[in-house]
Amino acid sequence: MKKKLLFLSLTLSSFIAFAQVSAGQIDDFEDGTVQNWIIGITGPLSPINVATGGPGGVDDNFLEYTSTGTNGAGARMAIFNSFQQWSGDFAAQSIVEVQMDVEVLTNDLHLRLAFQGPNGTRMISTNPVIVTAGSGWNSIALPCGINDFTVQSGPNTVSEVLAAVSTMRIISVREENIDSWRGEVIAATLRVDNITASTTLSRKDFDSKNNAFTIYPNPSRSKLNITLPTIEHASKVEVYNILGARVYSTVLNKLNTSINVSQWNNGVYLVRVSSDSGTFTKRFVKQ
Ligand SMILES: [Ca+2]
Ligand SMILES: [Ca+2]
């Protein structure tokens with residue numbers, strides 16, 4: 001019995017040791033496979049490799065997954081990579097963010113990373129990157145620092161999970177809750193390419209989110225004021241309600257903008273400012 005257990009643990013540890021994430025690795029799908037990205041069932045609902053039409057155009061392979069939004073397998077927007085190239089020690093490899101090119105169809109997605117680590121501990125990106133359906137290929141970055149995740153279940157810390165990842169998921173979920181690691185039930189198509197383990201932040205101000213822009217007062221009954229740190233980076237602001245519907249959008253061309261919110265329904269909104277230096281999202285509460 002003891003011998004069998006020892007054999008099993010040796011097999012498991014050598015398996016894990018074989019599949020280690022490494023700095024700079026890229027899933028570009030040019031080998032014609034899905035590069036271990038699955039949804040846990042086989043069959044027609046599984047992610048597929050599409051041979052042309054990626055961000056590089058003709059002959060640029062990419063990964064495509066369509067969630068059904070109905071009941072059963074394939075209902076949720078979540079793909080995962082387990083005990084393969086996205087397992088291991090992200091901290092030791094100095095991976096600070098996972099960058100990827102994405103295209104979204106049918107419904108807007110709130111993309112986040114989700115990790116499972118020691119003792120089944122699960123955590124997801126605290127802030128989503130919202131990708132608008134039908135907006136073509138977008139380059140996005142999901143940060144991997146110790147301040148970028150919220151643990152959802154299990155005994156371990158963010159640092160401990162980042163040092164021993166067993167499963168990495170790319171999910172869409174609007175609001176964090178205990179079930180959100182599984183991804184939201186939504187009908188959408190996610191196309192992904194060039195999933196990159198980056199050791200440099202793609203945006204110089206990504207690690208200082210609080211400097212990205214300021215909103216006040218919050219909560220508010222009548223006005224939402226937005227202040228930008230610099231004007232040359234500004235492009236637009238979009239506000240989404242809790243159902244993911246865009247309720248407001250405008251171009252920002254000055255440092256201070258005031259939006260009349262008195263007619264908005266009470267509740268939580270996501271305020272997204274997109275500019276050359278990145279996309280930043282803040283939560284706003286209308287009272
Ligand atoms: Ca490709
Ligand atoms: Ca190709």
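Residues numbered from 1 in each chain as written. Chains lettered and ligands numbered in written order. Predicted model: local features only at pLDDT ≥ 70, side-chain atom pairs only at ≥ 80, totals over all residues. Heavy atoms only, no water.

Novice: So what about the overall build of the protein chain? Which residues, and what values?
Specialist: Secondary structure summary: the protein chain contains two helices and 19 strands in total. Split into buried and exposed, the 287 residues of the protein chain put 45% on the buried side. For the protein chain, long-range pairs separated by at least 24 residues make up 72% of all intrachain contacts whose partners lie at least 6 apart in sequence. Carbon and sulfur atoms provide 54% of the accessible area of the protein chain, an area that totals close to 13,500 Å². (Helix = DSSP H or I, 4+ residues; strand = E, 2+ residues; numbered from the N terminus. Buried < 20%, exposed > 50% of the residue type's maximum accessible area, 1.4 Å probe, protein only. Contact = heavy atoms within 4.5 Å. Areas by Shrake-Rupley, 256 points an atom, 1.4 Å probe, with all protein chains shown as cover.)

Novice: Give a detailed account of the confidence of the model for the protein chain, specifying residues and quantitative values.
Specialist: Looking at the protein chain as a whole, its pLDDT mean stands at 87, while 88% of the residues score no less than 70. Below pLDDT 50 for its whole length, residues 5-11 participates in zero contacts with residues either more than four positions away or in separate chains. Every residue in residues 204-210 scores below 50 in pLDDT, and together they form 14 contacts with partners more than four places removed in sequence or on other chains. (pLDDT = per-residue confidence, 0-100.)

Novice: Talk me through the side chain of Asn61; I want residue IDs and the actual numbers.
Specialist: Inspection of the secondary structure puts Asn61 in the loop between β2 (48-50) and β3 (62-68). Residue classification places Asn61 among the buried residues on the basis of a relative accessible area of 10%.

Novice: Which residues make up the nonpolar core, and what values go with them?
Specialist: Grouped together as the largest cluster of nonpolar side chains are 38 residues, with contacts concentrated most on Phe90, Met100, Leu113 and Phe115. Looking at this core, the elements that each hand over two or more residues are β3, β5 (97-105), β6 (109-116), β8 (129-131), β9 (138-143), α2 (158-162), β11 (167-172) and β12 (187-198). With five residues, β12 is the largest single contributor of residues to this core. For Met100, the residues in contact, after removing those within four places along its chain, are Leu113, Asn138, Ser139, Ile140, Leu142, Ile170, Val192, Asp193, Asn194 and Ile195. Counting 16 residues, the second-largest nonpolar core is a separate cluster that includes Leu224, Leu228, Val237 and Phe284. (Core = buried A, V, L, I, M, F, W, Y, C linked by side-chain atoms within 4.5 Å.)

Novice: Pulling in residues and values, what's your account of the pattern of salt bridges?
Specialist: Inspection of the entire model under this criterion finds seven salt bridges. A salt bridge links Lys236 to Glu238, with the shortest nitrogen-to-oxygen separation between them at 3.7 Å. Its relative accessible area of 33% is what places Lys236 among the partly exposed residues. Judged by its relative accessible area of 1%, Glu238 falls in the buried class. In this structure, a network of salt bridges that share partners links the residues Lys236, Glu238, Arg246 and Arg272. (Salt bridge = Lys/Arg side-chain N within 4 Å of Asp/Glu carboxyl O.)

Novice: Can you explain the coordination of the calcium ion (ligand 1)? Please cite residues and give values.
Specialist: Taken together, Asp28 (O), Glu30 (OE), Asp60 (OD), Asn61 (O), Asp193 (OD) and Asp193 (OD) make up the full set of protein donors to the calcium ion (ligand 1), lying 2.3 to 2.7 Å away. Around the calcium ion (ligand 1), the six donor atoms sit at angles spanning 50 to 159 degrees, and that spread fits a shape best called irregular. One chain supplies every donor to the calcium ion (ligand 1), and in sequence these donors are spaced D-x1-E-x29-D-N-x131-D. Linking Asp28 in the loop between β1 (26-27) and β2 with Asn61 in the loop between β2 and β3, this pair joins segments that are 33 residues apart in sequence. (Donors = N, O, S within 2.8 Å, 3.2 Å for Na, K, Ca; no water. Tetrahedral: all angles 85-135°; square planar, octahedral: opposite > 155°, others 65-115°.)

Novice: Give me the lowdown on the side chain of Gln25, citing residues and values where you can.
Specialist: Position of Gln25 among the secondary structure elements: in the loop between α1 (2-18) and β1. Relative accessible area serves as the criterion here: at 13%, Gln25 is assigned to the buried category. A distance of 3.0 Å separates a polar side-chain atom of Gln25 from the backbone nitrogen of Ser22. Leaving out residues up to four positions away in the same chain, Gln25 has contacts with Gln20, Gln85, Trp86, Ile195, Thr196 and Ala197. (Polar contact = N/O pair within 3.5 Å; in protein donor to acceptor, adjacent residues only side chain to side chain.)

Novice: I'd like a description of the sheet that holds strand β17 (residues 256-260), backed by residues and values.
Specialist: Across the sheet, which stays open at both edges, the three strands sit in the order β13-β14-β17 with antiparallel pairing between neighbours. Strands with a single pairing partner mark the edges of an open sheet, and in this sheet they are β13 (214-216) and β17. Sheet twist, expressed as the mean angle between neighbouring strand axes with direction ignored, is 20 degrees. In this sheet, β17 lies alongside strand β14 (residues 223-227) in antiparallel orientation, the contact comprising five bridges. In the sheet register, Asn225 faces β17, and the bridge partner there is Ser258. (Pairing = 2+ DSSP bridges. Axes fitted to C-alpha atoms, helices over the stretch in contact; angles between N-to-C directions.)

Novice: Tell me about the coordination of the calcium ion (ligand 2), and please be specific about residues and values.
Specialist: The calcium ion (ligand 2) binds to the protein through Glu30 (OE), Asp59 (O) and Asn61 (OD1); the donor distances cover 2.1 to 2.3 Å. Each donor residue of the calcium ion (ligand 2) belongs to the same chain, with the gaps between them written as E-x28-D-x1-N. With Glu30 in the loop between β1 and β2 and Asn61 in the loop between β2 and β3, this pair connects stretches of sequence that are 31 residues apart.

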